[in-house]
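Listed here are the chains, written in short residue letters.
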Amino acid sequence: QLELGIILNLMSPVNPDYHPELIHLSDYLAKNLVLQDVPDLGVICVGVNTLLQPIRQKLTDFWHTDEDLIASIWLARMVVGLELSRKRKLTRPERAFALLYAADSLRSLLAYLRIEPDTVGDPAHISWAMG
């Protein structure tokens, strides 16, 4: 929740100028548990990245002791995004970003668990048979 709060306070989705950067930032954060020193992002996102590095470092310390925690981290990020999106006082852009944050986290969770979403047919169906 701290991570998402930092992002929303520094890069308000209400400002349309931030929309492209927020999309890239959400994708970057979902794909990288360990953050780079200078990622290939815009200037403001690099600043956000710098603030998030100590938080992510603590998470990295935890998952080095127990690999099963990695799935929990992606799941927790997804839940935080979904929970925030349900708050009444959010603007539409803030709600959209919270859902994007949740969706990117779900994508990373499924990739980590090697679960391929079925993109044909029912969009809510995931084949849980792991082969």
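Since we're looking at a predicted model, the values are computed, not measured.

Asker: Quick rundown of the side chain of Ser26? Include the residues and the values.
Answerer: Its place among the elements puts Ser26 in helix 2 (residues 19–31). Owing to a relative accessible area of 0%, Ser26 belongs among the buried residues under this scheme. Ignoring sequence-local partners within four residues, the contact set of Ser26 consists of Phe97, Leu100, Tyr101 and Asp104.

Asker: Run through helix 5 (residues 92–112), naming residues and quoting values.
Answerer: For helix 5, built from 21 residues, the straight-helix expectation of 30 Å at 1.5 Å per residue is met to within 8% by its first-to-last C-alpha distance of 30 Å. Looking at helix 5, one finds that the buried residues are Glu94, Phe97, Ala98, Tyr101, Ala102, Asp104, Ser105, Ser108, Leu109 and Leu110. On its buried side, helix 5 packs onto helix 1 (2–10), helix 2 and helix 4 (69–85).

Asker: Summarise unusual backbone geometry; cite the residues concerned and give the values.
Answerer: Excluding glycine, residues mostly have negative phi values, and the peptide bonds linking residues are mostly trans. Within the chain, Arg114 stands out as a residue other than glycine whose phi angle is a positive 60°. Counting through the fold element by element, Arg114 comes out in the segment after helix 5.

What counts, and where the lines are drawn
- Residues numbered from 1 in each chain as written.
- Predicted model: local features only at pLDDT ≥ 70, side-chain atom pairs only at ≥ 80, totals over all residues.
- Heavy atoms only, no water.
- Helix = DSSP H or I, 4+ residues; strand = E, 2+ residues; numbered from the N terminus.
- Buried < 20%, exposed > 50% of the residue type's maximum accessible area, 1.4 Å probe, protein only.
- Contact = heavy atoms within 4.5 Å.
- Expected span 1.5 Å × (residues − 1).

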